[in-house]
Amino acid sequence: MARTVSILGSTGSIGRQALEVCAHLGLRVTALAAHHSVQLLEEQARRFHPAQVAVVDRTAAADLKIRLADTSIRVQAGEEALIEAACCETADTVLNAVVGIAGLLPTVAAIEAGKDIALANKETLVAGGHLVMPMAARHEVRMLPVDSEHSAIFQCLQGHTDAAAIERILLTASGGPFFGRTRAELAAVTPAMALRHPTWQMGAKITIDSSTLMNKGLELIEARWLIDVRPDQIEIVVNRESILHSAVAFVDGAVIAQLGLPDMKLPIQYALTWPDRLPMDGGRLSLAQLGTLSFARPDEETFRCLPLCREAIRRGGGYPCVANGANEEAVALFLAGKLRYLEIAERIEEAMARWPDEPVDTVEAVLAADAFARRVVRAARA
């Protein structure tokens, strides 16, 4: 195994851990991309010596170019630079850890360039799965999941290629920081409260999504495309310990599950080494020491984002994209102190109600649906 990797979103939580995995495995990193974190990007570039670094923010890119003037590393600016990093000629695998809908175009570009995709950007499939998965099949590109839950499902399915053998996907959730709370108790939730996840250390947007269960709704939609199952075959189960990362129930009654400590390096490494398993540093799960695991159903009456996502994928078309775009905009407003916590779900529901159900059969149409949802949320805020 001698993969060369381009990492998009290298300064985020997943990107930083992916670089540690690459260092551990001795994988060559040929391109890095991020939005604006100049100091960290400089440190990463000097450590991994990529051929190119893309910085979406042009002012930050100019700064980084000066900082790396003593190297041969090419620094590029703007969204087009992100696309170029996704198509890096010397990379065979692109790890997409960009946050939000911004990850869609780089994924499409990488697929068209024939790169395997280690996918940590769930919005790619939520908003455009109906376009992206057929495109990957046409270009014979492998879509390798990095989300811990989808990686778990992928691992459980190794050796089971017959879709007819799958009865249910058991997609697990931690329940977030507000598991067991009522809507009345959630009314006064602040960003600081929602950012305190009990198990995982993640970026701000995904942490808020985890607290509202929107993240699980997005993962439900992602699983529908990635595993190619019907939405009604996907069951959400809360495992507060975050030890059982997901499972597959088969038609003969067997259930195969993937367990492990809550460590994102494992799914990152598996995406970069599949079909091989290689030694990894870190702790090891002791079932005897753990003692017990608990399971529960999610409270979909309190956490409305999850059933809204289920309804979006049931309707299909542009509805998942609209739900995702509305959520991104609403979460940004919530983090800025301009929207109340419970209003996040309300804005998603309103955007879905207003969506005219137009065809979404091109990438441009996907982006237009996303823009529509954001306008609805901003208008409601005004």
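Here the structure is a predicted model, which means the values were calculated and not measured.

Novice: Lay out the sheet that holds strand β11 (residues 255-259) with the relevant residues and their values.
Specialist: An order of β9-β8-β10-β11 is seen for the four strands of this open sheet, with the pairing classed as mixed. The outermost strands of the open sheet, each flanked by one partner alone, are β9 (234-238) and β11. For this sheet, the mean inter-axis angle between neighbouring strands, taken without regard to orientation, is 20°. Looking at chain direction, strand β10 (residues 244-250) and β11 are connected through five bridges and run antiparallel.

Novice: Summarise the layout of surface pockets; cite the residues concerned and give the values.
Specialist: Quantified by volume, the second largest pocket comes out at close to 530 Å³. Along the walls of the second largest pocket sit 22 residues, with Met133, Met143, Phe154, Leu226 and Ile227 positioned nearest its centre. Where the lining of the second largest pocket is concerned, the elements lending two or more residues are α6 (123-138), β7 (143-145) and α11 (214-228). Looking at the lining of the second largest pocket element by element, the count peaks at four residues for α11. A breakdown of the residues in the lining of the second largest pocket according to their chemical character gives 15 nonpolar, four polar and three charged.

Novice: Can you explain unusual backbone geometry? Please cite residues and give values.
Specialist: The residue after tryptophan 274, namely proline 275, is reached through a cis peptide bond having omega 10°. Positive phi, close to 55°, is recorded for glutamate 140, a residue that is not glycine. One can find glutamate 140 in the loop between α6 and β7. If you check the backbone angles, leucine 213 has positive phi at about 70° while not being a glycine. As for its position among the elements, leucine 213 is in the loop between α10 (204-212) and α11.

Novice: Can you tell me about empty space enclosed by the protein, naming the residues and giving the values?
Specialist: With a probe scaled to a water molecule rolled over the atoms, the places where space remains empty come into view. A complete count under the given rule lists two cavities of 30 Å³ or more for this structure. What lines the largest cavity is simply Arg183, Leu186, Thr212, Thr302, Phe303, Arg304, Cys305, Tyr341, Leu342, Ile344 and Ala345. Listed by contribution, the elements that provide at least two residues to the lining of the largest cavity are α8 (183-186) and α16 (343-354). Taken as a whole, the second largest cavity encloses approximately 60 Å³ of empty space. What lines the second largest cavity is simply Ser148, Ser151, Gln155, His245, Gln258, Leu261, Asp263, Leu266 and Pro267. Elements with a minimum of two residues in the lining of the second largest cavity: α7 (148-156) and α12 (265-273).

Novice: Could you give an account of the packing of α11 against helix α15 (residues 319-335), naming the residues involved and the relevant values?
Specialist: Axis separation between α11 and α15 bottoms out at 11 Å; the angle between their running directions is 155°. As judged from the angle between their axes, α11 and α15 are roughly antiparallel. As for the relative orientation of α11 and α15, their crossing is left-handed in sense. Residues Met214, Leu218 and Ile221 of α11 lie in contact with α15, whose contacting residues are Pro320, Ala323, Asn324 and Asn327. Looking at side-chain class alone, the contact of α11 with α15 contains five nonpolar, two polar and no charged residues.

Novice: Tell me about the packing of helix α14 (residues 305-315) against α16, and please be specific about residues and values.
Specialist: Running from amino to carboxyl end, α14 crosses α16 at an angle of 20°, the nearest separation of the two axes being 10 Å. One finds that α14 runs roughly parallel with respect to α16. α16 is crossed by α14, and the crossing has left-handed handedness. Of the residues in α16, those touching α14 at Cys305, Leu308, Glu311, Ala312 and Arg315 are Ile344, Ala345, Ile348, Glu349 and Met352. Here the residues of the contact of α14 with α16 sort into seven nonpolar, no polar and three charged.

Novice: Go over the packing of aromatic side chains with me, naming the residues and quoting the values.
Specialist: Counted by the stated rule, this structure contains five aromatic pairs. Here a set of aromatic residues connected by ring pairs shows up, and it is made of Phe154, Tyr270 and Trp274. It is arginine 224 that lies over the ring of tryptophan 225; its NZ or CZ is 4.0 Å from the centre. One Lys or Arg, arginine 315, reaches over the ring of tyrosine 319 and ends 4.9 Å from the middle of that ring.

Conventions used here
Residues numbered from 1 in each chain as written. Predicted model: local features only at pLDDT ≥ 70, side-chain atom pairs only at ≥ 80, totals over all residues. Heavy atoms only, no water. Pairing = 2+ DSSP bridges. Helix = DSSP H or I, 4+ residues; strand = E, 2+ residues; numbered from the N terminus. Axes fitted to C-alpha atoms, helices over the stretch in contact; angles between N-to-C directions. 1 Å grid on protein atoms, 1.4 Å probe; cavity = no way out; pocket = protein on both sides within 12 Å on 5 of 7 lines; lining within 4 Å. Points joined across faces, edges and corners; volume = space filled by probe spheres on them. Nonpolar A, V, L, I, M, F, W, Y, C, P; charged D, E, K, R; others polar. Parallel < 35°, antiparallel > 145°, perpendicular 65-115°, else oblique. Left-handed = near helix turned anticlockwise from the far one by under 90°. Contact = heavy atoms within 4.5 Å. Phe/Tyr/Trp six-rings, centres within 6.5 Å; stacked < 30°, edge-to-face > 60°. Lys NZ or Arg CZ within 6 Å of the ring centre and 35° of its normal.

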